[in-house]
Amino acid sequence: VQLQASGGGLVQPGGFLRLSCTASRNIFRMGWYRQAPGKQRELVASITSGGATNYADSVKGRFTISRDNAKSTVYLQMNSLKPEDTAVYYCNARNGNYPITDYWGQGTQVTVSS
């Protein structure tokens, strides 16, 4: 599975950005992870093909993940951005069958700064 991500950039605190990621085929779960300098990669949000979502506590109420199965595309709408959201964001896809396999897109930088 190939993943093509887009979006990201520089935004002021309180601003918004939208990330998109298109997969080469539909897959069970898609989502976004992020990695800040000196920190481990962490799950930001994920969504299954059935629409079940999962969010990191730090982004609940500010970020919204959605999915268009017809386009094999996942979106991450990020509102009320904070400096601590600054990180490289990675698109992730995971199959739903054994063996569980993770696929990764190229990272996209999100910088929240005034």
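I will try to describe carefully the structure that is included in this document.

What counts and what doesn't
- Residues numbered from 1 in each chain as written.
- Predicted model: local features only at pLDDT ≥ 70, side-chain atom pairs only at ≥ 80, totals over all residues.
- Heavy atoms only, no water.
- Helix = DSSP H or I, 4+ residues; strand = E, 2+ residues; numbered from the N terminus.
- Rg over C-alpha atoms; globule rule 2.2 N^0.38 Å.
- Buried < 20%, exposed > 50% of the residue type's maximum accessible area, 1.4 Å probe, protein only.
- Contact = heavy atoms within 4.5 Å.
- Areas by Shrake-Rupley, 256 points an atom, 1.4 Å probe, with all protein chains shown as cover.
- Lys, Arg positive; Asp, Glu negative; His and termini not counted.
- Charge placed at Lys NZ, Arg CZ, Asp CG, Glu CD.
- Pairing = 2+ DSSP bridges.
- Axes fitted to C-alpha atoms, helices over the stretch in contact; angles between N-to-C directions.
- Core = buried A, V, L, I, M, F, W, Y, C linked by side-chain atoms within 4.5 Å.

1. Some words on the overall build of the protein chain
For step 1, the next point in the chain: In terms of helices and strands, the protein chain carries zero helices and 11 strands.
For step 2, the next point in the chain: Counted from the first residue to the last, the protein chain has its helices and strands arranged as β-β-β-β-β-β-β-β-β-β-β.
For step 3, the next point in the chain: Relative to its length of 114 residues, the protein chain is compact, with a C-alpha radius of gyration of 13 Å against a globular reference of 13 Å.
For step 4, the next point in the chain: If you line up the protein chain on its principal axes, its C-alpha atoms span 45 × 25 × 25 Å.
For step 5, the next point in the chain: The burial tally for the protein chain puts 42% of its 114 residues in the buried class.
For step 6, the next point in the chain: Across the protein chain, the fraction of contacts at a sequence separation of at least 24, relative to all contacts at a separation of at least 6, is 51%.
For step 7, the next point in the chain: When the accessible surface of the protein chain is summed, it comes to about 6000 Å², and 48% of that surface belongs to carbon and sulfur atoms.
For step 8, the next point in the chain: For the protein chain, the distance from the average site of its 12 positive side-chain charges to the average site of its 6 negative ones is 4 Å.

2. As for the environment of W32
For step 1, the next point in the chain: The residue W32 is located in strand β4 (residues 29-35) in this model.
For step 2, the next point in the chain: Residues W32 and C91 lie 59 residues apart in sequence; the distance between their C-alpha atoms is 4.7 Å.

3. So, unusual backbone geometry
Comment: phi is negative for the bulk of residues other than glycine, and the bulk of peptide bonds are trans.
For step 1, the next point in the chain: Cis peptide bonds are those with omega within 30 degrees of zero, and the linkage from Y98 to P99 qualifies with -5°.
For step 2, the next point in the chain: Inspection of the secondary structure puts P99 in the loop between β9 (87-94) and β10 (102-104).
For step 3, the next point in the chain: One non-glycine residue, S72, lies in positive phi territory at about 50°.
For step 4, the next point in the chain: With respect to the element layout, S72 can be found in the loop between β7 (63-68) and β8 (73-78).
For step 5, the next point in the chain: We note that S80 has phi near 50°; this positive angle belongs to a residue other than glycine.
For step 6, the next point in the chain: By the secondary structure assignment, S80 is in the loop between β8 and β9.

4. Things to note about the sheet that holds β8
For step 1, the next point in the chain: As summarised here, the arrangement of the four strands in space is β1-β3-β8-β7, forming an open sheet in which the pairing is antiparallel. Strands with a single pairing partner mark the edges of an open sheet, and in this sheet they are β1 (3-6) and β7. Between one strand axis and the next, the sheet turns by 15° as a mean value, whatever way the strands run.
For step 2, the next point in the chain: As paired elements, strand β3 (residues 17-23) and β8 share six bridges and run antiparallel to each other. Bridge pairing links C21 to V74 in β8.

5. Quick notes on the nonpolar core
Taken as a class, soluble globular proteins show a tendency for nonpolar side chains to be buried jointly.
For step 1, the next point in the chain: With 29 residues, the main nonpolar core has M30, W32, L76, M78 and Y89 as its most contacted residues.
For step 2, the next point in the chain: When contributions to this core are tallied by element, the ones reaching two or more residues are β1, β3, β4, β5 (42-48), β7, β8, β9 and β11 (108-112).

6. Regarding the pairing of β9
For step 1, the next point in the chain: For β9, a buried count of six out of eight residues is recorded, marking the element as mostly surrounded by other parts of the structure.
For step 2, the next point in the chain: When β4 meets β9, the two strands line up antiparallel, connected through seven bridges. Bridged to R34 within β9 is Y89.
For step 3, the next point in the chain: As judged from the three bridges shared by β9 and β11, these two strands associate in the antiparallel manner. By the bridge assignment for β11, Y89 is matched with T108.
For step 4, the next point in the chain: Of the pairings in the sheet, the one linking β9 to β10 comprises three bridges and is antiparallel in character.

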